[in-house]
Amino acid sequence: PGAGAGGAGEVPGPAKYPPGGPEGGARTLCPRALTGAARTRQQLADMLARKGVPDHAAEAVLDRFVEVGLVDDAAFARAWVESRQAGRGLARRALQSELRSKGVDAEVAAQAVEAVDADDERAAARRLVERRARSMQRLDRATATRRLVGMLARKGYGGGLAAAVVREVLDEAGAEPDEAEFEPL
């Protein structure tokens, strides 16, 4: 690879860093990354590694950012859960999985997800089904049921809750029950 191409074998040299060495570079990169959106400590560590910042320098800067409150995984997790549950209607299981993929500690993720109780989760599932069911009025009930349960499953909802919510919404909408439809749980 050519100079500056970022090849795997390329070793960053001292000329690549601004005054202050690798830590100075990390202190410059992190605030830029935090400007657009909050990030987890792990996301920032990954970004610094991609930029070639040595681990010891990244750790020192990230420790300082955590110490002064610029990086707070628990606050990030709470905001993420609130936003994704309200906006996309994700179930607790999907929210926890997303947080883990962003590098949030399992215990911190679990605490953030606890803010969503079973009633909130059911209400979100119901809103999703009601919104989507309108576009399925011309489908037979078995097809609509299968598609709506599948949509909820992709958003992390369990089969029992998904089937119950879909059944309720379709019953209220007056969809004719199919003989092929699933038996009540």
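It should be noted that the structure appears before, not after, this text.
To start, this report covers the structure provided alongside it. (Residues numbered from 1 in each chain as written. Predicted model: local features only at pLDDT ≥ 70, side-chain atom pairs only at ≥ 80, totals over all residues. Heavy atoms only, no water.)

1. Side note on the overall build of the protein
Here is step 1: Counting its regular elements, the protein contains 9 helices and 0 strands.
Here is step 2: Listing each helix as α and each strand as β along the protein from the N terminus yields α-α-α-α-α-α-α-α-α.
Here is step 3: When each of the 185 residues of the protein is scored for burial, the buried share is 35%.
Here is step 4: For the protein, the share of sequence-separated contacts (at least 6 apart) that also reach a separation of at least 24 residues comes to 60%.
Here is step 5: Surface accessibility of the protein: about 11,100 Å² in total, with carbon and sulfur atoms responsible for 51%. (Helix = DSSP H or I, 4+ residues; strand = E, 2+ residues; numbered from the N terminus. Buried < 20%, exposed > 50% of the residue type's maximum accessible area, 1.4 Å probe, protein only. Contact = heavy atoms within 4.5 Å. Areas by Shrake-Rupley, 256 points an atom, 1.4 Å probe, with all protein chains shown as cover.)

2. Notes on the packing of helix 7 (residues 118–133) against helix 9 (residues 159–173)
Here is step 1: Interhelical geometry of helix 7 versus helix 9 gives an angle of 50° and a closest axis separation of 9 Å. One finds that helix 7 runs oblique with respect to helix 9. The chirality of how helix 7 crosses helix 9 is right-handed. Packed against helix 7, whose contacting residues are Glu 121, Arg 122, Ala 125, Arg 126, Val 129, Glu 130 and Ala 133, the element helix 9 presents Leu 161, Ala 164, Val 165, Val 166, Glu 168, Val 169 and Glu 172 at the interface. (Axes fitted to C-alpha atoms, helices over the stretch in contact; angles between N-to-C directions. Parallel < 35°, antiparallel > 145°, perpendicular 65-115°, else oblique. Left-handed = near helix turned anticlockwise from the far one by under 90°.)

3. Considering the pattern of salt bridges
Here is step 1: As enumerated under the stated definition, the model contains 10 salt bridges in all.
Here is step 2: The residue Arg 141 makes a salt bridge to Asp 171 at a minimum N-O spacing of 2.6 Å. Pair noted here: Arg 141 is in helix 8 (residues 141–154) and Asp 171 is in helix 9, with a separation of 30 residues, a long-range link.
Here is step 3: Look at the salt bridges and you will find they share partners, linking Arg 122, Arg 126, Glu 130, Glu 168 and Glu 172 into a network. (Salt bridge = Lys/Arg side-chain N within 4 Å of Asp/Glu carboxyl O.)

4. Description of helix 5 (residues 92–101)
Here is step 1: All of the buried residues in helix 5 are Ala 94, Leu 95, Glu 98 and Leu 99. When helix 5 is viewed along its axis, its buried side chains cluster within an angular range of 135° and face the same direction. When the buried face of helix 5 is taken as reference, the exposed residues oriented beyond 90 degrees from it are Arg 93 and Ser 101.
Here is step 2: Buried residues in helix 5 make contact with helix 4 (73–88) and helix 6 (106–113).
Here is step 3: Phi turns positive one or two residues past the end of helix 5, at Gly 103, with a value near 90°. (Arc of directions from axis to C-beta.)

5. A closer look at the nonpolar core
Here is step 1: By size, the foremost hydrophobic cluster in this structure holds 17 residues, and its most contacted members are Val 129, Leu 148, Met 151, Leu 152, Tyr 157 and Val 166.
Here is step 2: Within the residue set of this core, elements represented by two or more residues are helix 7, helix 8 and helix 9.
Here is step 3: Core analysis: the next-biggest nonpolar cluster, separate from the first, contains 16 residues, Ala 26, Ala 45, Ala 57 and Leu 62 among them. (Core = buried A, V, L, I, M, F, W, Y, C linked by side-chain atoms within 4.5 Å.)

6. Examining helix 7
Here is step 1: Spanning 16 residues, helix 7 covers 22 Å between terminal C-alpha atoms, matching the ideal 22 Å at 1.5 Å per step.
Here is step 2: Of the residues making up helix 7, those classed as buried are Glu 121, Ala 124, Ala 125, Leu 128, Val 129 and Ala 133. The buried side chains of helix 7 occupy one side of the element, clustering within an arc of 160° when seen end-on. Across helix 7 from its buried face, at more than 90 degrees, point the exposed residues Asp 119 and Arg 131.
Here is step 3: Where helix 7 is buried, its residues touch helix 4, helix 5, helix 8 and helix 9.
Here is step 4: Where helix 7 begins, one side-chain oxygen reaches toward the backbone nitrogen of Asp 119, 3.2 Å away; that side chain belongs to Asp 117. (Expected span 1.5 Å × (residues − 1). Polar contact = N/O pair within 3.5 Å; in protein donor to acceptor, adjacent residues only side chain to side chain.)

7. Quick notes on the packing of helix 7 against helix 8
Here is step 1: Where helix 7 meets helix 8, the axes come as close as 10 Å, and the angle between the chain directions of the two elements is 140°. Accordingly, the angle class assigned to the pair helix 7 and helix 8 is oblique. By crossing handedness, the relation of helix 7 to helix 8 is classed as right-handed. From helix 7, Ala 125, Leu 128, Val 129, Arg 132 and Ala 133 reach across to helix 8, where they touch Leu 148, Met 151 and Leu 152.
Here is step 2: For the contact of helix 7 with helix 8, a count of residues per class yields 7 nonpolar, no polar and 1 charged. (Nonpolar A, V, L, I, M, F, W, Y, C, P; charged D, E, K, R; others polar.)

Coordinates in, geometry out; function isn't part of it.
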